[in-house]
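Working through the structure, step by step
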Amino acid sequence: MDLRMMAFDSPIFSVLQHLHDAGDDSEKSVSGPSRTYARDAEAMAATPADVMEYPNCYAFVIDMPGLKSGGIKVQVDDDNVLVISGERRRLEEEKEGAAKYVRMERRVGKFMRKFVLPENANTDKISAVCQDGVLTVTVEKLPPPEPKKPKTIEVKIA
């Protein structure tokens, strides 16, 4: 908003305009975190998870009450990173005479968790099941490599 356009040419208003414009530039600062980074960090901090290791797999368990499978996204990045994300939305009731929120304690908004998978995780065998509001992502382990047999070299006598 340009205060000069509204006939406020006073020096105090020009200083206020300058401070207002400078505030817009600070959001684009290279030294500070981006809005996307801050939003992702907040989403990750607000999504608790349990990680368990079994002899043949890893299990990631996250509470997801009220979400349908369409609202949850599970993927593996190229860097062997498991990403679980989605969004919980508030019911929108804009009808006249509809109920208004008096208190809203249930968390709404985006959520995300990232897990770096170990080298022995088989990214081709991942399953995800959401039952009774609990998401369980299972990542099977690769079989352990066979131990190398010592190579015997025949010694020739010349």
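Everything here concerns the structure above.
In this report, we go over the structure that sits alongside the text. Predicted model only: the values in this text are computed from it and were never measured.

Turning next to the sheet that holds strand β5 (residues 109–116). Taken in spatial order, the three strands line up as β3-β4-β5 in an open sheet, and their pairing is antiparallel. Of all the strands in the sheet, just β3 (72–76) and β5 have a single pairing partner and so form its edges. Going from strand to strand, the sheet's axes swing by 10 degrees on average, the running direction of each strand aside. Pairing of β3 with strand β4 (residues 81–88) involves five bridges; the strand directions are antiparallel. The residue bridging Val 76 from the neighbouring strand is Leu 82, located in β4.

With a phi angle near 65 degrees, Asn 80 is a residue other than glycine that sits in the positive phi range. Checked against the element boundaries, Asn 80 lands in the loop between β3 and β4. Assessed through its relative accessible area of 23%, Asn 80 is described here as partly exposed. In this model, Asp 132 sits at a positive phi of 55 degrees, which is unusual for a non-glycine residue. Mapped onto the elements, Asp 132 comes out in the loop between β6 (121–131) and β7 (134–141).

Rules of the game
- Residues numbered from 1 in each chain as written.
- Predicted model: local features only at pLDDT ≥ 70, side-chain atom pairs only at ≥ 80, totals over all residues.
- Heavy atoms only, no water.
- Pairing = 2+ DSSP bridges.
- Helix = DSSP H or I, 4+ residues; strand = E, 2+ residues; numbered from the N terminus.
- Axes fitted to C-alpha atoms, helices over the stretch in contact; angles between N-to-C directions.
- Buried < 20%, exposed > 50% of the residue type's maximum accessible area, 1.4 Å probe, protein only.

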